[in-house]
Amino acid sequence: MTIVFRDATESDFEILSRIYEKPYDGLETARKFVELYLGHYFWKLVEADGKIVGGLIWFPRENPELGWAEILDVWIDESYRRRRLGFRLIIEVIKNIESHFESFGHKAKCVILFTSENNISARRLYEKAGFKKVGYGGYVADDGTRELLYSLNF
Ligand SMILES: CC(C)(COP(=O)(O)OP(=O)(O)OC[C@H]1O[C@@H](n2cnc3c(N)ncnc32)[C@H](O)[C@@H]1OP(=O)(O)O)[C@@H](O)C(=O)NCCC(=O)NCCS
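No experiment lies behind these values; they were computed from the predicted model shown. (Residues numbered from 1 in each chain as written. Predicted model: local features only at pLDDT ≥ 70, side-chain atom pairs only at ≥ 80, totals over all residues.)

Colleague: Where do I start with the overall build of the protein in this structure?
Modeller: On a plain count of helices and strands, the protein comes out with 4 helices and 7 strands. In sequence order, the secondary structure elements of the protein are arranged as β-α-α-β-β-β-α-β-α-β-β. Taking 154 residues into account, the globule formula puts the C-alpha radius of gyration at 15 Å, and the protein, at 16 Å, falls close to it. The principal-axis extents of the C-alpha atoms in the protein amount to approximately 40 × 35 × 30 Å. Across the 154 residues in the protein, those meeting the buried criterion constitute 23%. (Helix = DSSP H or I, 4+ residues; strand = E, 2+ residues; numbered from the N terminus. Rg over C-alpha atoms; globule rule 2.2 N^0.38 Å. Buried ≥ 20, exposed ≤ 12 C-beta atoms within 10 Å, placed from the backbone.)

Here it is in structure tokens:
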């Protein structure tokens, strides 16, 4: 299996909209969000033998001097999970974040993200990549599960 990590481009719009159709409850909503993400965020994709099987969306927060970024979304296609693709993706993106701030003459200092308390696979992945649980991020799930705030400090 040939694995490639690459930036998402406008030419991925339709395929990404189809991928997001299910979690976003419909193609129209998915298209709106994919347009937003492609236009305003950094989006790294994982391809396995030419097929998109994962992605990670991140953005720099506020003034680049702060070296502060947030990961918004990470996913790996169900049939490709537990093959270290999520781990490799996050490590690749951490390097991209460091380069991003270096291009402004600054250093990356902190990457944050939120995840649900009961999302064990995501929590283990982030912990393995060096993130630490630093707090709580409110309640957005219908079942009252807490969101956790994780942070990676350089
Ligand atoms: C979370 C997710 C991205 C992990 O992707 P993945 O490619 O399967 O993860 P990896 O194979 O790289 O696993 C890295 C580490 O995470 C942990 N992990 C991953 N899946 C796990 C699971 N189902 N149970 C327990 N630990 C798990 C393990 O520590 C693993 O290291 P190991 O293989 O050395 O034991 C994937 O499960 C996913 O897409 N989930 C749905 C979307 C989601 O919830 N995203 C997070 C939103 S905040």
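Next, the rest of the story.
Colleague: Would you mind showing me how to read the site of the ligand here?
Modeller: In the vicinity of the ligand, 18 residues are found, and the nearest of them are Arg81, Gly86, Phe87, Ser121 and Arg124. Mapped by element, the contributors of at least two residues to the shell around the ligand are strand S4 (68-76), helix H3 (85-102) and helix H4 (120-128). (Near = placed C-beta within 6 Å.)

Colleague: I'm lost on the pairing of strand S7 (residues 146-153) in this one. Help?
Modeller: Two faces, one strand: in a regular strand the side chains alternate between the faces of the sheet. As paired elements, strand S5 (residues 110-116) and S7 share 7 bridges and run antiparallel to each other. Each residue of the ladder has a partner; that of Thr115, found in S7, is Leu148. The hairpin turn running from strand S6 (residues 132-139) into S7, its antiparallel successor, is 6 residues long, and Gly144 in that turn takes a positive phi close to 85°. (Pairing = 2+ DSSP bridges.)

Colleague: Before we go on, may I ask you to explain the environment of Gly105 in this structure?
Modeller: Structurally, the position occupied by Gly105 is in the loop between H3 and S5. Judged by C-beta crowding, with 8 C-beta atoms within 10 Å, Gly105 ranks as exposed. Residues Gly105 and Leu148, spaced 43 residues apart in sequence, show a C-alpha to C-alpha distance of 31 Å.

Colleague: Hey, could you run me through the environment of Asn153 in this one?
Modeller: Relative to the assigned elements, Asn153 resides in strand S7. Given 12 C-beta atoms within 10 Å, Asn153 falls into the exposed group. For the pair Asn153 and Lys51, spaced 102 residues apart in the sequence, the C-alpha separation amounts to 33 Å. For Asn153, the contacting residues outside a window of four places in its chain are Lys109 and Cys110. (Contact = placed C-beta atoms within 7 Å.)

Colleague: What exactly am I supposed to notice about the environment of Gly50 here?
Modeller: When you line up the elements, Gly50 lands in the loop between strand S2 (42-48) and strand S3 (51-60). Gly50 gets classed as exposed once you count the C-beta atoms within 10 Å, which come to 8. In this structure the C-alpha to C-alpha distance between Gly50 and Val4, which are 46 residues apart in sequence, comes to 8.0 Å.

Colleague: Sorry, what's going on with the sheet that holds strand S1 (residues 3-7) here?
Modeller: Within a beta sheet, neighbouring strands are joined by backbone hydrogen bonds and run either parallel or antiparallel to one another. With mixed pairing, 7 strands are arranged side by side in an open sheet as S1-S2-S3-S4-S5-S7-S6. The sheet is open, and its two edges are formed by S1 and S6, each paired on a single side. Averaged over all adjacent pairs, the angle separating strand axes in this sheet is 25°, with direction ignored. Where S4 lies against S5, 4 bridges are found, and the strand directions are parallel. In the sheet register, Trp68 faces S5, and the bridge partner there is Cys110. Strands in contact with H3 are S1, S2, S3, S4 and S5; relative to S3, the strand with the most contacts, it is inclined by about 35°. (Axes fitted to C-alpha atoms, helices over the stretch in contact; angles between N-to-C directions.)

Colleague: What is the right way to look at the pairing of S6 in this model?
Modeller: Little of S6 sits out of view: just 0 of its 8 residues are buried. Of the pairings in the sheet, the one linking S6 to S7 comprises 5 bridges and is antiparallel in character. Opposite Tyr139, over in S7, you have Arg146 as the bridge partner.

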